[in-house]
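# Structural description and commentary
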Amino acid sequence: MTAITNHMPTAELQALDAAHHMHPFTANGDLAARGARVITGARGVFLTDSDGNWILDGMAGLWCVNIGYGRDELAEVAARQMRELPYYNTFFQTTHVPAIALAEKLAELAPGDLNHVFFASGGSEANDTNIRLVRTYWAEKGKPSKRIIISRRNAYHGSTVGAASLGGMAGMHAQGGLPIPDIHHIDQPDWWSEGGDLTPEEFGLERARQLERAIEELGEDNIAAFIAEPVQGAGGVIVAPDGYWPEIQRICDEHEILLIADEVICGFGRTGNWFGTQTLNLRPDIMTVAKGLSSGYQPIGASIVSDEVAEVIGRTEFNHGYTYHGHPVAAAVALKNLEIMEEEDVIGHVRDIAAPHLKERWEALTDHPLVGEAKIVGMMASIALTPDKKRRAAFVSEPGTVGLVCRERCFANNLVMRHVGDRMIIAPPLVITPDEIDILIDRARVALDETLDELKSRDLLRAA
Ligand SMILES: *Cc1c(COP(=O)(O)O)cnc(C)c1O
């Protein structure tokens, strides 16, 4: 068999891809007929494809390539670590330097007394760990009935059986018999779609108090934890109204439950601080991290837990762990990634330069006829597409139809912008410059104009 390389014609690569590669979250039959876009390389905030296009990656891969593509330092660290110690486990009373150093670094960066790190290969695994951690924690404290974890509809916590159960994605629960028992979902704080006649403030409080009502109904003695993303990412960059999070923190404080902040997207600078919980003033007992931890250069995640949680778990043998827990190469790369973020003051760049510029240009998109609201926190942002801004109306078409049109117009204009239903979302690499932000916005505007034209020609510019 001949080697499969970047130099093969696109059509051949697509045919081989269709023949053997099952894509995640994809109708593979449809994709096989169309052919996947073949990404061949990347530098900074741009991807290249097999047809020679330069595509601005408005999603930083999958919200993860925070320091941008093409960082040689990370490649060098990986090569060095592979030569020195490519793999060893930490199960049986052994440890190694990359795991020690990364755990120490995460304890330093994480707020409060979140000082203890349990590794995983990604966010889903870390959230599976969290399910077992919180239940084991309460059992050790003599309260084994505290098992239920409360989460939110339209949340994303990953794709393993446990993590997808924690998540609130209806489409995921519809397949494969999810969720597992003892997971309870409350509604999300999405004012644009679900706020009705309430003001955003009234609505935010109402949604937060659903947590308190759920605790009362299910019984505090049965509840282990509440899990939430500081800003819902895959759900459509849903930013809660202002009063929501203080009320959630009050409820968690007044009831005996643990707060798990899923920082897989928000962590490592995305919101303008090291962690989203710092931006929102939350005091979690456990944080889930992954994605930006290594800027996506290696698969690694972790649960970072408080002194108290670690002490209680430490009383017993916690019968849980992954082969690649604290993988030396992944840990060494993650540590180097965090060092680069500090040396280059990436968070200062976000706070003082990139996020203010993006905010100004992103919010101005609301002058476009299709754009209802624009939301942004740090370097994650969304716009709601609508045929009628005043009524915050949905389109007459199946939800997601218009969003998909817009996504394809973006791709045709060499911009990766994702759609969630009829919301468009971005989360570019944190190192993006103001000039590159201007390119992103200019391409988004062209795509929005072309979307509007297409909706008119297909008679889709109508409210439900
Ligand atoms: C991506 C994501 C996960 C899952 O992480 P994987 O590395 O894909 O397993 C969990 N939580 C949130 C908030 C995410 O965005």
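As shown above, the structure is provided for reference.
Residues numbered from 1 in each chain as written. Predicted model: local features only at pLDDT ≥ 70, side-chain atom pairs only at ≥ 80, totals over all residues. Heavy atoms only, no water.

## Points about the site of the ligand
Applied cut-off: By convention in this text, a residue qualifies as near a molecule or strand provided that one of its non-hydrogen atoms is within 4 Å of it. Any N or O atom pair separated by 3.5 Å or less is treated as a polar contact, with the protein-specific requirement of one donor-capable and one acceptor-capable atom, and with residues adjacent in sequence counted only for side-chain atom pairs. Computed with a 1.4 Å probe, the accessible areas rest on the Shrake-Rupley method; for each residue, only the protein chains presented here act as cover.
As a structural note, the neighbourhood of the ligand is formed by G122, G123, S124, N127, Y156, H157, G158, E229, D262, V264, I265 and K291. A distance of 2.5 Å separates an oxygen atom of the ligand from a polar atom in the side chain of S124. Here a nitrogen atom of the ligand sits 2.7 Å away from a polar atom, N or O, in the side chain of D262. Relative to its free-state accessible area of 380 Å², the ligand is covered by the protein chains to the extent of 82%.

## Comments concerning the environment of L430
Selection rule: Helix numbers and strand numbers start at the N terminus; a helix is a DSSP run of H or I with at least 4 residues, a strand a run of E with at least 2. Under the scheme applied here, a residue whose accessible area is under 20% of the maximum for its type counts as buried, over 50% as exposed, and between as partly exposed, the area being computed with a 1.4 Å probe on protein chains only. What makes two residues a contact is simply this: any of their non-hydrogen atoms within 4.5 Å.
Mapping L430 onto the fold places it in the loop between β15 (423-426) and α17 (434-457). Residue classification places L430 among the buried positions, given a relative accessible area of 0%. L430 sits 135 residues away from S295 along the chain, and the two C-alpha atoms are 10.0 Å apart. Not counting residues up to four positions away in its chain, the partners in contact with L430 are N66, F268, G269, R270, M341, V346, H349, V350, A354 and M379.

## What about the packing of aromatic side chains?
So the rule is basically this: Ring pairs shown here join Phe, Tyr and Trp side chains whose ring centres sit within 6.5 Å, with only the six-membered ring taken for Trp; geometry is labelled stacked below 30 degrees between planes, edge-to-face above 60, and tilted in between. Think of it as a cone above the ring: NZ of Lys or CZ of Arg counts as a charge over the ring if it is within 6 Å of the ring centre and within 35 degrees of the ring normal.
One pass over the structure, following the stated rule, counts eight aromatic pairs. Ring centres of F118 and F318 lie 5.7 Å apart, and the angle between their planes is 70°; this geometry places the pair in the edge-to-face category. Taken together, the residues span a long stretch of sequence, with F118 in strand β4 (residues 114-120) and F318 in the loop between α13 (307-313) and α14 (328-343) at a distance of 200 residues. Residue F118 shares its accessibility class with F318, and that shared class is buried. If you follow K146 out to its NZ or CZ, it ends over the ring of W138, 4.5 Å from the centre. Sitting above the plane of the W191 ring, R392 keeps its charged end 3.7 Å from the centroid.

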